[in-house]
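# Structure assessment
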Amino acid sequence: TAPLADGRYYWRVRAVDAAGNRSAWTSARTVWLGVEPELGPVLLSPPNGSVITSNVPTFTWEAVSGAASYRVHADNNPDFSSPEINGTRTTPIYVRFTPLADGVYYWRVQARDAAGVPGPWSAVWTLTIDTVPPATPVLLSPAPDALTDSNLPTFDWTDVTGAAFYELQ
């Protein structure tokens, strides 16, 4: 038997007895033949564990030698069962144009060679999209148009849930 060319193949099997009776076919499976890239892509950005305020993130990774394309997955499920992003690119960048909902996302990339044979997946990184600003504080003191003889006034406002810090101008 001659070797098969690199690429994607579907296979299934059934049994045949001595009388020629045939069983039902098994369900089909896919097998990829050929040499896969040595390593999965190295992810670059957004950094692992980062929190971003844009719901249209840009994903980048290092190019893999011999890769003709890249498959990109991003999902809010760690098992990638319902990917929000399931795209293919020929360069090591994926720009999202349709907004993603706020939340935690898991993302990974897989290189494919010219025959479409996939290599291993990259590491899985996470990012959190948070586009909702905190509530606006309420000014408490000094009162509007207050007069003071101190050059070191004390400014006060209400605390805001979720505020990491405050900026005062």
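Preceding block: the structure.
Below is a summary of the structure that appears in this document. Just so it is clear, the model here is predicted, and its values are computed rather than measured.

## Examining the overall build of the protein chain
- Across its full length, the protein chain carries 0 helices and 13 strands.
- Helices and strands in the protein chain line up, N terminus first, as β-β-β-β-β-β-β-β-β-β-β-β-β.
- The C-alpha radius of gyration of the protein chain comes to 27 Å, more than 25% above the 15 Å expected for a compact globule of 169 residues.
- For the C-alpha atoms alone, the extent of the protein chain along its principal axes is close to 105 × 35 × 20 Å.

## Here's the deal with the sheet that holds strand E8 (residues 93–95)
- An order of E3-E5-E8 is seen for the 3 strands of this open sheet, with the pairing classed as antiparallel. Of all the strands in the sheet, the pair left with one neighbour each is strand E3 (43–45) and E8. This sheet shows a mean twist of 20° between the axes of neighbouring strands, independent of strand direction.
- Pairing between E3 and strand E5 (residues 58–61): 2 bridges, direction antiparallel. If you follow Leu43 over to E5, its bridge partner there is Trp61.

## Here's the deal with the side chain of His73
- On the secondary structure map, His73 appears in strand E6 (residues 69–75).
- By relative accessible area, which is 5% here, His73 ends up buried.
- Side-chain polar atoms of His73 contact the side chain of Arg71, separated by 3.3 Å.
- Non-local contacts of His73, meaning those with residues more than four positions away in its chain, are made with Phe80, Pro83, Ile85, Asn86, Tyr106, Trp107, Arg108 and Trp121.

## Points about the side chain of Arg96
- Of note, Arg96 is situated in the loop between E8 and strand E9 (103–112).
- We note that Arg96 is buried and unpaired, the nearest opposite charge coming from Glu84 at a distance of 5.2 Å.
- Polar contacts involving the side chain of Arg96 include one to the main-chain carbonyl oxygen of Glu84, which spans 3.1 Å.
- When neighbours within four sequence positions are excluded, Arg96 is seen to be in contact with Val56, Pro57, Glu84 and Ile85.

## Observations concerning the nonpolar core
- Of all hydrophobic cores here, the largest spans 18 residues; its most connected members are Phe59, Trp61, Ile85, Trp107, Val109 and Leu127.
- Every element with two or more residues in this core is listed here: E5, E6, E9 and strand E11 (125–129).
- Top contributing element to this core by residue count: E9, with 4 residues.
- Excluding anything up to four places from it in sequence, Trp61 contacts Pro41, Val42, Leu43, Leu44, Tyr70, Val72, Thr91, Pro92, Ile93, Tyr94, Trp107 and Val109.

## Considerations on unusual backbone geometry
- That bond from Ser45 to Pro46 is cis: its omega, 0°, falls within 30 degrees of zero.
- Mapped onto the secondary structure, Pro46 falls in the loop between E3 and strand E4 (50–52).
- In this structure, Phe80 takes a positive phi of about 55° despite not being glycine.
- Assignment of secondary structure puts Phe80 in the loop between E6 and strand E7 (85–89).
- The exposure class of Phe80 is buried, given its relative accessible area of 8%.
- Of note in the backbone geometry, Asp145 takes a positive phi value of approximately 55° without being a glycine.
- When you line up the elements, Asp145 lands in the loop between strand E12 (139–141) and strand E13 (156–157).

What counts and how
- Residues numbered from 1 in each chain as written.
- Predicted model: local features only at pLDDT ≥ 70, side-chain atom pairs only at ≥ 80, totals over all residues.
- Heavy atoms only, no water.
- Helix = DSSP H or I, 4+ residues; strand = E, 2+ residues; numbered from the N terminus.
- Rg over C-alpha atoms; globule rule 2.2 N^0.38 Å.
- Pairing = 2+ DSSP bridges.
- Axes fitted to C-alpha atoms, helices over the stretch in contact; angles between N-to-C directions.
- Buried < 20%, exposed > 50% of the residue type's maximum accessible area, 1.4 Å probe, protein only.
- Polar contact = N/O pair within 3.5 Å; in protein donor to acceptor, adjacent residues only side chain to side chain.
- Contact = heavy atoms within 4.5 Å.
- Lys, Arg positive; Asp, Glu negative; His and termini not counted.
- Salt bridge = Lys/Arg side-chain N within 4 Å of Asp/Glu carboxyl O.
- Core = buried A, V, L, I, M, F, W, Y, C linked by side-chain atoms within 4.5 Å.

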